[in-house]
Amino acid sequence: MGKVRNILQSKKETFCTVGPEITVYEAIEMMCERNIAAILITENERLAGIFTERDYARKVVLKGKSSKLTLIGELMSRNPYTISTENTVEECMSMMNAKQIRHLPVVDNGNLVGVISVGDLIRFMLEEQRCIIEHLENYITH
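Now for a description of the structure that goes with this document.

Rules of the game
- Numbering of residues starts from 1 in each chain and follows the order in which that chain's sequence is written.
- With the structure being a predicted model, the display of local features is reserved for residues of pLDDT at least 70 and the display and counting of side-chain atom pairs for 80 or more, all residues being used for whole-chain, interface and lining totals.
- Hydrogens and waters are ignored; side-chain quantities use all the structure's heavy atoms.
- For the purposes of this entry, the term helix denotes a DSSP run of H or I that reaches at least four residues, the term strand denotes a run of E that reaches at least two, and both are numbered from the N terminus.
- N or O atoms within 3.5 Å of each other form a polar contact, as long as, within protein, one can give a hydrogen and the other can take it, and as long as residues adjacent in sequence are counted only when both atoms are side-chain atoms.
- What makes two residues a contact is simply this: any of their non-hydrogen atoms within 4.5 Å.
- A pair of aromatic rings is counted whenever rings of Phe, Tyr or Trp (Trp by its six-membered ring) have centres within 6.5 Å, and the orientation is called stacked for planes under 30 degrees apart, edge-to-face for over 60 and tilted otherwise.
- Whether a charge sits over a ring comes down to the Lys NZ or Arg CZ being within 6 Å of the ring centre and within 35 degrees of the ring normal.
- Think of a 1 Å grid over just the protein atoms. A cavity is a set of points where a 1.4 Å probe fits yet cannot get out, a pocket is an open set with protein on both sides within 12 Å along at least five of seven lines, and lining residues have an atom within 4 Å of a point.
- Grid points are joined across faces, edges and corners, and a volume is the space filled by probe spheres set on the points.
- Polar here means any residue outside two lists: the nonpolar Ala, Val, Leu, Ile, Met, Phe, Trp, Tyr, Cys and Pro, and the charged Asp, Glu, Lys and Arg; Gly therefore counts as polar.
- Geometry is summarised by axes, namely lines fitted to C-alpha atoms with helices restricted to the contacting stretch, and by angles between N-to-C directions that run from 0 to 180 degrees.
- The sense of a crossing depends on the near helix, which, turned anticlockwise from the far helix by less than a right angle, makes the crossing left-handed and, turned clockwise, makes it right-handed.

1. Side note on the side chain of T70
Relative to the helices and strands, T70 resides in the loop between α3 (53-61) and α4 (72-75). A polar side-chain atom of T70 sits 2.7 Å from the main-chain carbonyl oxygen of S66. Residue contacts for T70: discarding those within four places in its chain leaves I22, T23, V24, K65 and L75.

2. Here's the deal with the packing of aromatic side chains
Per the counting criterion, the structure on display carries zero aromatic pairs. Sitting over the ring of Y25, K68 keeps its end group 4.6 Å from the ring centre.

3. A look at the layout of surface pockets
Here the largest pocket is characterised by a volume of approximately 370 Å³. Considering the residues around the largest pocket, the lining is formed by 18 residues, among which T52, R54, D55, I101 and R102 are closest to the centre. Contributions of two or more residues to the lining of the largest pocket are made by β3 (46-52), α3, β4 (77-78) and β5 (103-108). Ranked by residues supplied to the lining of the largest pocket, first place goes to α3 with four residues. Here the lining of the largest pocket is built from residues that sort into seven nonpolar, five polar and six charged.

4. Quick notes on the environment of G110
Tracing the chain through its elements places G110 in the loop between β5 and β6 (111-117). Taking the C-alpha atoms as reference points, G110 and E21, separated by 89 residues in sequence, lie 22 Å from one another.

5. So, the packing of helix α5 (residues 89-99) against helix α6 (residues 118-141)
At a minimum axis separation of 11 Å, α5 and α6 run at an interaxial angle of 140 degrees. Of the two possible hands of crossing, α5 and α6 adopt the one that is left-handed. Residues V89, C92, M93 and M96 of α5 touch α6, and the partners they reach there are V118, L121, F124 and M125. Class assignment for the residues of the contact of α5 with α6 results in eight nonpolar, no polar and no charged.

Everything listed is a geometric property; what it means functionally is a separate question.
Structure follows, in structure tokens:
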């Protein structure tokens, strides 16, 4: 099975980081511009948290907070679960399922190197299966 590094190599988009001092509104704007569902928050060049569309719905909208007045640092999920580039796709799916999360920051040697989503994992697995089926079909017919 593939590894996280394989997924990161095949991803077109990069990840987005911000400091904890921007407003939720600014973060949502950035997420919308980049068509992403999660933004990573860093402090002193280290991963401090993650903020997702789910966080927006649950921590801003449902709580009646103002996205233009609330800082992302107040609402981010601190110390998020992380993985490394050497974790397998299976390990990531298992962790996401067990923790009921949709995004995993990728950290190697203390450095933030990317983020993967459930969608990234599914796309990778489907492509991997397509290649296996194609290989088997070629093997059978030749």
